[in-house]
Structures are given as C-alpha cells and as structure tokens.
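Coordinate inspection notes
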Amino acid sequence: LHAVYMHSLCSVHSFKSASHVLHYDLMVIKTCKKMGIKTVAVHSDVDSSAVHVKMADEAFCVGPAPTSKSYLNMDTIMEAIRQTGAQAVHPGYGFLSENKEFARRLAADGVSFIGPDTHAIQAMGDKIESKLIAKAAKVNTIPGFDGVVKVRVALLLHLSESLGSARGCTSDLLTVCESACSSEAADKSRTYILYYNCVCVFIQVLADKHGNALWLNERECSIQRRNQKVVEEAPSTFLDPVTRRAMGEQAVSLAKAVKYSSAGTVEFLVDSKKNFYFLEMNTRLQVEHPITECITGLDLVQQMIRVAKGYKLQHKQEDIPINGWAIESRVYAEDPYKSFGLPSIGRLSQYEEPLNLPGVRVDSGIQEGSDISIYYDPMISKLVTYGSTRAEALKKMEDALDNYVIRGVTHNIPLLREIIVHPRFISGDISTNFLPEVYPEGFKGHPLAAGEQRELLAAAAALHVAAQLRSQRFLGQQRVSSVPQERRNWELCVELDKGVHMLGGIKLNLNTGLSLCVLYFDFYYITITILLIIFLLFRFKVRVLSKLAASLNKLMPEKIPEDTSSILRSPMPGTVVAVSVKPGDTVAEGQEICVIEAMKMQNSMTAAKTAKVKSVHCTAGETVGEGDLLVELE
C-alpha cells in the first residue's frame with residue numbers, strides 16, 4: 001500500500017504488500033508503517049519542517065500557508081496523488097475529510113478514499129436530512145420541526161426569547177448564525193440552531209462493505225468550550241449497560257441505513273433522565289479516537305484501511321470489550337484565561353512530553369523548535385492516560401500534566417489540570433455547561449489556599465535572596481568578594497496578586513549556583529526559574545523588595561490603566577476578516593466592529609459602549625498581533 005498524507009489528509013498507494021499514503025496525523029503514519037504501507041506527507045510551505053513530513057517516506061508541497069491555497073486545494077492534492085502514484089487517501093480529522101466532492105473526484109480517478117462513500121457523506125452531512133434518515137431508522141431524534149425555515153431577524157429574536165435565552169445572548173445568536181452561514185467550511189446554505197444543556201455522548205461505529213457493523217462503546221465529550229471538546233473519556237460515567245446497548249444498537253441501525261463503511265461517530269445528547277437523542281453523525285475519524293482504542297484494544301486506523309481494501313470486519317459485537325478507563329486532554333496553544341482559550345502563537349523553545357510515565361500516550365505532530373502559527377488549529381497534542389479504573393486514569397492524567405513541559409507559547413494545561421481535579425468532575429457531575437457553570441466569571445487560575453500561599457511566598461523570598469548572594473560572588477574564580485560579610489537574616493516584602501506580604505527573619509541555606517531548583521514543601525513541589533515561578537502548574541508574578549525599597553515604592557505614582565471602553569485591541573494574533581465601521585460612524589454597545597480570525601476560529605469584536613468611531617487602525621485581510629490597536633472610540 002502506498003499512500004499520501006497531509007494536515008488531515010492521507011492517500012494510499014496500491015493495496016498490496018507495499019503501498020503509498022498521503023496524510024498528517026502521526027498515528028496514521030505509524031499504523032501504515034506497521035502494515036508495510038509507504039506514506040507521502042502533503043504539506044503547505046510553512047509545514048515543510050513538520051514532524052509528519054520528516055516521518056513519511058515522501059513529501060509533497062501543496063501550496064502556501066492559507067488553507068484555501070493548500071490543504072483545501074483539491075486540484076493540487078489530486079496532482080500530488082498522480083505524481084506520487086498514490087492509490088488511496090486517508091482524510092484524517094478535518095479539511096476535506098467530510099467533503100463529498102473530494103471523495104467523488106478520488107473515485108473518478110480510481111483512488112480509494114479511506115472513509116465512507118459519497119452517498120453516506122452527503123446523507124449525514126446535512127443536519128436536517130440526517131435527522132429524517134435517523135427517524136426512518138427508528139433512531140431517537142430531538143423533538144421539533146424537521147424542515148427548513150426562512151426567518152427574518154425579528155422572528156429569530158422572538159425564537160431566541162421563546163427558547164429562554166439568557167439575557168445578552170440574543171446578539172451572540174445572531175453573530176453565530178451570520179458566521180455559520182458565511183463560513184468557508186459550510187457547503188450548505190442553511191444553519192441548524194440548537195439550545196441544550198445535557199451530556200454529550202459519542203458512539204463509535206465501525207462498518208465494512210459487506211453489511212456488517214459494530215458499535216465500539218461510547219466516549220463522554222461534554223467538557224467543551226465554544227462547542228469544541230477539551231476533555232474526553234471512555235467509557236462515560238453517566239451511562240448504564242442498558243442505555244449503552246440501546247444507544248449502540250441505534251447507532252448501528254443508522255450506519256446500516258446509509259450503507260456506511262468505515263469508522264464513524266454518532267453523536268447523541270442525553271438528558272438527566274437518560275433519554276438520548278440523535279444529533280449528528282461524523283463521517284470521519286475523530287480526534288479523540290485514542291481513548292476508544294485504549295478500552296477496546298482496536299487500532300481504528302488499521303480497521304479503516306482494511307475496510308477500504310474490501311475486507312470484512314474481524315470482530316463480532318460480543319468481542320468488543322470495555323477494558324479499563326481512558327481519558328484524553330486536548331493540549332492547545334491557547335490562553336485559558338481569555339474565554340477559556342484564545343490562540344497563542346510562537347516557537348516551542350522547550351518541549352518535553354511525559355512519556356516516561358506508565359499508562360501515558362501522547363499523539364502530537366510537533367517537537368521542540370516547532371512554530372505554532374496563526375494558520376491552523378492550535379492543538380499541540382492529545383494527552384491520553386489509561387488505567388484499570390477511572391480514579392487511576394485521573395491520577396495518571398494529573399501526573400502527566402504536572403510533568404508536561406511546554407515553553408515558548410501560552411498553553412491550556414493549567415485549565416486542564418483544574419478540570420480533572422475539580423470535585424464536580426471527579427464525581428462525574430458534568431454537562432455541556434460545565435465550564436461556564438464552574439467558572440461563571442471565566443477561568444481565573446488556581447485559588448491559593450493559605451498554606452499554598454505561604455509556600456509560594458517562601459519560594460519567592462528564597463529565590464530573591466539566592467540571586468542577591470550570587471551577585472556578590474565572582475563565579476569560576478578564587479577572588480574574594482569585597483562585601484564584608486554575607487547577611488544571614490533578611491526582611492523582605494513580597495507583592496503577590498496586588499497583596500503585600502512582609503517576611504522577616506528569613507534564613508537561607510541554598511546552593512546559589514543553581515539557575516533552576518526544585519523546592520519541596522510537604523506534598524507540593526514548586527519549579528522555580530530566575531524570572532518565573534510556576535506553582536501547581538500556574539504562573540505567578542511576584543515582586544520581592546527589601547524593607548527600604550518597599551517603603552519607597554509607596555511614594556511611586558500609580559500607572560493609570562488604559563480606558564478599554566474607548567480602545568479596542570486584538571485579543572489574539574490573527575487576520576482581520578471584516579471591518580464593519582469607519583471613522584464618524586456611531587456604534588451601539590455590543591455592536592460588532594470587526595472580526596478577527598486565527599487558527600480556524602473567528603472572534604467578533606464588539607463596542608464596549610455607545611459612541612462615535614474616532615479612528616480605524618486595521619483593514620480586512622491585514623494580519624494583526626495580540627494587543628494591536630484596532631479601533632478608537634470618542
């Protein structure tokens with residue numbers, strides 16, 4: 001087998017003992033190598049040094065960084081397949097993975113698509129059509145109108161209010177609808193609107209071309225932000241065996257109804273009484289598939305390749321087990337303190353995966369020195385832990401997050417750690433509203449207990465004293481310092497979170513030659529660098545002053561904070577998609593001013609008050625950095 005692989009696209013050369021595949025996910029490459037299949041990495045010019053490019057047998061550049069000119073450019077990708085002689089394509093997780101036109105073009109050229117056929121992609125790709133098919137297949141569907149409704153803005157507002165929208169959500173609903181209808185990813189001209197607060201459960205299905213289909217248990221996917229999953233686990237704490245079997249059997253019925261062949265996922269919403277309802281079917285391999293592999297022992301990529309070749313499934317339903325528990329944390333290059341995660345860009349100056357720990361799997365496509373750009377999804381890796389019980393898997397996840405080293409970009413590990421140690425998550429009391437309910441004011445970090453605060457203050461003081469003693473010495477020489485005698489007692493002031501803490505009588509016995517040291521305090525450890533203190537995975541900015549400096553600091557004038565109601569700055573690096581105002585316009589509070597896009601995510605920037613536009617500092621198509629001035633109001 002010879003295949004081609006790109007950022008979510010993988011193509012395969014002849015289904016024989018040696019072949020060639022085109023793709024991006026490293027687990028697809030590893031599976032192909034295990035099966036004796038050669039791979040071709042398809043990449044954009046900015047991904048030329050990516051890990052998947054180095055790991056594949058061949059590589060083919062499909063264009064510049066923008067996805068429309070590279071990973072979504074079917075003509076160039078088809079040319080890559082022709083030039084490399086690939087005979088099959090694995091579509092991966094995104095981009096063209098659920099594009100029926102791409103699957104059709106591959107079939108027309110005699111190239112196998114490692115996924116379902118165009119009929120299944122089309123049938124399940126339309127939310128309304130898929131719901132009607134599900135109904136006919138005796139699958140539980142969400143009660144409501146099944147047709148297409150053309151609505152005016154006034155009617156949409158009325159619908160929003162009648163559904164019990166929270167105050168302030170109406171403008172968000174309009175923005176979401178407008179964005180959805182104009183998105184480049186939407187090849188449909190209608191938008192599906194759904195309000196829910198429930199448990200989100202995905203049933204993994206696997207079917208062949210001979211009418212056989214299996215359900216491979218479920219994945220719990222309720223922990224989300226902006227409708228994107230953050231933490232997943234398998235199995236679900238919410239399901240009992242009876243409900244699990246009913247959901248699995250209905251998922252298989254739907255797959256058979258559309259003659260589905262390959263791995264796919266049927267998404268259900270489950271209410272508090274364990275009533276479940278079909279939401280949609282994803283006709284591709286999903287990001288969180290490793291946790292299903294952990295509890296079943298199946299390699300889903302291998303099964304997909306076998307099905308695409310025409311083999312029958314190797315297993316019966318009674319052969320599918322639930323062995324142990326698996327949890328996945330999606331590690332993103334994001335700032336979790338901004339809307340639970342706005343993209344961060346930069347170069348990974350230090351990167352160490354916690355693979356030395358037992359029961360840990362890390363699926364990633366980056367390495368130390370890799371660049372995180374504005375063009376693609378900000379996911380760094382899928383961190384997976386496996387244990388015989390949920391408690392064991394959770395403890396392994398906590399340890400793995402504690403030992404994961406990522407520097408050079410802002411990441412969401414602090415948020416991930418807080419989620420998995422939160423009492424509500426540990427008890428299994430989760431829903432799609434978990435994050436906004438647990439953090440109604442947004443994620444603010446780890447609240448320090450009294451004992452933890454004392455430990456942090458002590459570490460900061462120790463670091464300060466060590467630096468002071470080091471500065472008095474001539475390193476690497478035998479010269480004697482002119483300082484008459486080292487101080488043994490220190491009185492210091494430590495500023496932390498706008499609080500001032502006086503520390504007196506400090507005595508220190510520390511090897512000051514270390515630039516990095518680990519201090520142990522009871523059951524916690526603190527990793528310290530000269531410029532940054534990281535405590536329980538959270539970064540704390542501290543300022544340590546002598547007693548005299550602290551008294552003089554009180555006389556310093558305070559910096560006047562910027563009037564954020566009159567100045568609009570970009571919250572993240574990205575590209576300006578649209579600018580809706582010009583100088584002299586009057587805008588209302590909450591009105592959209594511009595839209596910033598980065599890493600497949602659009603962020604609508606709105607006015608903080610009713611005012612006249614003083615100046616506009618950006619234009620559509622322009623690239624902006626985090627903190628750049630966009631618009632000024634009078």
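An unreviewed UniProt entry lists the chain under the name Propionyl-CoA carboxylase subunit alpha, from Astyanax mexicanus.

1. Notes on the state of the cysteines
Enumeration according to the criterion identifies zero disulfides in this entry. No disulfide involves cysteine 618; its sulfur sits 4.8 Å from the nearest other cysteine sulfur, which is in cysteine 594. What makes cysteine 618 buried here is its relative accessible area of 4%.

2. Considerations on the pattern of salt bridges
Pairs may arise between side chains of opposite charge once their charged atoms sit close together. Applying the stated criterion across every chain, the model contains 32 salt bridges. Between glutamate 288 and lysine 229 there is a salt bridge, with its nearest N and O atoms 3.1 Å apart. One end of the pair, glutamate 288, is in the loop between strand S12 (276-282) and helix H10 (289-296); the other, lysine 229, is in strand S10 (residues 228-234), and 59 residues separate them in sequence. Judged by its relative accessible area of 11%, lysine 229 is buried. Notably, a salt bridge pairs arginine 330 with glutamate 328, separated by 3.9 Å at the nearest N-O pair. Taken individually, arginine 330 and glutamate 328 each receive the classification buried, so the pair is uniform in this respect. Several salt bridges converge on common partners, so that one network encompasses Arg219, Lys229, Glu232, Glu288, Glu328 and Arg330.

3. Details of the packing of aromatic side chains
Given two aromatic rings, one states the distance between the centres and the angle between the planes to describe the pair. For the structure on display, the rule yields ten aromatic pairs. With a centroid separation of 5.5 Å and 70° between ring planes, the pair formed by tyrosine 71 and tyrosine 376 is classed as edge-to-face. Of the two residues, tyrosine 71 is situated in the loop between strand S5 (58-61) and helix H3 (74-84) and tyrosine 376 in the loop between strand S19 (371-372) and strand S20 (379-387); the sequence distance between them amounts to 305 residues. Tyrosine 376 matches tyrosine 71 in its accessibility class, with the two residues each being buried. Taken together, a centroid distance of 5.5 Å and an interplanar angle of 90° make the contact between phenylalanine 268 and phenylalanine 276 edge-to-face. Side by side, phenylalanine 268 and phenylalanine 276 carry an identical accessibility label, which is buried. Following the ring pairs from residue to residue traces out a cluster consisting of Tyr71, Phe95, Tyr375 and Tyr376. The side chain of lysine 274 reaches across the aromatic face of phenylalanine 238, ending 5.7 Å from its centre. Over the aromatic face of phenylalanine 425 sits the side chain of arginine 390, whose NZ or CZ is 5.0 Å from the ring centroid.

4. Some words on the sheet that holds strand S18 (residues 360-364)
In space, the eight strands of this open sheet follow the order S12-S11-S8-S9-S10-S13-S20-S18, with antiparallel pairing throughout. Of all strands in the sheet, those with a lone pairing partner are S12 and S18, marking the two edges. Adjacent strand axes in the sheet meet at a mean angle of 25°, parallel and antiparallel pairs treated alike.

5. Observations concerning the sheet that holds strand S32 (residues 592-598)
The four strands lie next to each other as S33-S32-S30-S35, forming an open sheet whose pairing is antiparallel. Each edge of the open sheet carries a strand with a single partner, namely strand S33 (601-606) and strand S35 (623-624). Bridging between strand S30 (residues 574-579) and S32 involves four bridges; their strand directions are antiparallel. Across the sheet, the residue bridging to valine 576 is isoleucine 596, located in S32.

What counts, and where the lines are drawn
- Residues numbered from 1 in each chain as written.
- Predicted model: local features only at pLDDT ≥ 70, side-chain atom pairs only at ≥ 80, totals over all residues.
- Heavy atoms only, no water.
- Disulfide = S-S within 2.5 Å.
- Buried < 20%, exposed > 50% of the residue type's maximum accessible area, 1.4 Å probe, protein only.
- Salt bridge = Lys/Arg side-chain N within 4 Å of Asp/Glu carboxyl O.
- Helix = DSSP H or I, 4+ residues; strand = E, 2+ residues; numbered from the N terminus.
- Phe/Tyr/Trp six-rings, centres within 6.5 Å; stacked < 30°, edge-to-face > 60°.
- Lys NZ or Arg CZ within 6 Å of the ring centre and 35° of its normal.
- Pairing = 2+ DSSP bridges.
- Axes fitted to C-alpha atoms, helices over the stretch in contact; angles between N-to-C directions.

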